[in-house]
Amino acid sequence: MKRIAITGNIASGKSQAGNILKDMGYKVFDTDYIAHNILDNSLEVIETFKDYDILENSKISRKKLGNIVFNNKDLKTKLENIIHPLVKQEIDRLFNEYSQEKYVFIIIPLLFEANMQDLFDEIILIYCNDTLRLERLMERNNLTKEEAQLRIDSQLNQDEKASKCNHIIKNETTLNNLEIELKKLF
């Protein structure tokens, strides 16, 4: 089995790439969903952030929590120190469960930030210019330009990531072109 990371900065098109690969018949898992499930059930996060307004209807509000951590690096690090080890455990479990597959793809936006690159045999970067990503993020998440820029700025620079990847796929045009590029690889 080849363990393949699909990474890229926010709003670059990682999910679309994952959907294309799923349609091609491959096993694809998204660490955003894994992290959301962990977060939804994390008493540790509630305890760690008890002095902050992060709850809505007695559940953690990702929007409220995001507004806090994207404005405070120390709090962002605290959250990551809770979530990242649990995400890594789930990735390991998935690799064990699907070890008979030819390829297992994990969409992992914070691959390098979480220092998980050693879990993978190959790394694909979905690359999109910053201006287009900003527009996509504002539209997709209904964010102001400032809110979207904070999220973009919280991640490692794309060019720095590119130098650490096996494959770079530009996603600045159509989904059809993204599909063509993925089919060339697989």
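Everything quoted here is computed from the prediction, not taken from an experiment.

> Where do I start with the overall build of the protein in this structure?
Helix and strand counts for the protein stand at nine helices and seven strands. The C-alpha atoms of the protein give a radius of gyration of 17 Å, which matches the 16 Å a tight globule of 186 residues would have. On the principal axes, the C-alpha backbone points of the protein span a range of 50 × 40 × 30 Å. By residue count, 44% of the 186 residues in the protein fall in the buried class. Of the accessible surface of the protein, which amounts to about 10400 Å², a share of 45% is contributed by carbon and sulfur atoms. Here the protein contributes 26 positive and 30 negative side-chain charges, whose respective centroids are spaced 2 Å apart.

> Please explain the side chain of Q158 as it appears in this structure.
Note on placement: Q158 falls in helix α8 (residues 158-162). There is a polar contact of 2.8 Å between the side chain of Q158 and the backbone oxygen of C128. Here Q158 is in contact with N9, L125, I126, Y127, C128, N129, D130 and R133, once residues within four sequence places are set aside.

> Can you walk me through the packing of helix α4 (residues 62-69) against helix α5 (residues 73-97) in this structure?
Two numbers describe how α4 lies on α5: the axes approach to 7 Å, and their chain directions differ by 130°. The angle between α4 and α5 falls in the class oblique. Two secondary-structure elements touch here, α4 through L65, I68 and V69 and α5 through K73, L75, K76 and L79. Across the contact of α4 with α5, the residue classes break down as five nonpolar, no polar and two charged.

> It is not clear to me how the pattern of salt bridges should be interpreted in this structure. Could you clarify?
Where charged atoms from two side chains of opposite charge come close, those side chains can pair. On inspection of all chains with the given rule, the structure shows 13 salt bridges. Ionic pairing is found between E80 and K76, a salt bridge with its closest N-O pair at 2.7 Å. Residue E80 and its partner K76 are located together in helix α5, separated by four residues, close to a single helical turn. K76 shares its class with E80; the two are buried. E181 is the partner of K184 in a salt bridge, and the nearest nitrogen-oxygen pair spans 3.2 Å. Within this pair, K184 and its partner E181 are both found in helix α9 (residues 175-185), separated by three residues, close to a single helical turn. The exposed category is assigned to K184, whose relative accessible area is 60%. Three or more residues joined by partner-sharing salt bridges are found here, namely E90, R93 and E97.

About the thresholds
The residue numbers shown here count from 1 along each chain, following its written sequence. A pLDDT threshold of at least 70 governs which residues receive local features in this predicted model, and a stricter bar of 80 or more applies before side-chain atom pairs are shown or counted, although totals over entire chains, interfaces and linings include all residues. For the side-chain quantities, the full set of heavy atoms in the structure was used; hydrogens and water were omitted. Elements are defined by DSSP. Helices are runs of H or I of four residues or more, strands are runs of E of two residues or more, and each kind is numbered from the N terminus. When we talk radius of gyration, it's over C-alpha atoms, and the globule rule is simply 2.2 Å times the number of residues to the 0.38. Throughout, exposure labels follow a simple rule: accessible area from a 1.4 Å probe, protein chains only, divided by the maximum for the residue type, with under 20% read as buried, over 50% as exposed, and the rest as partly exposed. All accessibility values rest on the Shrake-Rupley procedure with a 1.4 Å probe; residue burial counts only the protein chains present in the view. When charges are counted, Lys and Arg are positive and Asp and Glu negative, with His and the chain ends excluded. For this purpose, a charge sits on NZ of Lys, CZ of Arg, CG of Asp or CD of Glu. Under this definition, polar contacts are N or O atom pairs within 3.5 Å; protein pairs additionally need one hydrogen-donor-capable and one acceptor-capable atom, and for neighbouring residues in sequence, both atoms have to be side-chain atoms. Contacts are assigned to residue pairs that have any heavy atoms within 4.5 Å of one another. The axes are straight lines fitted to the C-alpha atoms, using for helices just the contacting stretch, and the angles between their N-to-C directions are given from 0 to 180°. Angle categories are assigned with fixed cut-offs, so that under 35 degrees is roughly parallel, over 145 is roughly antiparallel, 65 to 115 is roughly perpendicular, and the rest are oblique. When residue character is reported, Ala, Val, Leu, Ile, Met, Phe, Trp, Tyr, Cys and Pro are called nonpolar, Asp, Glu, Lys and Arg charged, and the others, Gly included, polar. Any carboxyl oxygen of Asp or Glu within 4 Å of a side-chain nitrogen of Lys or Arg constitutes a salt bridge here.

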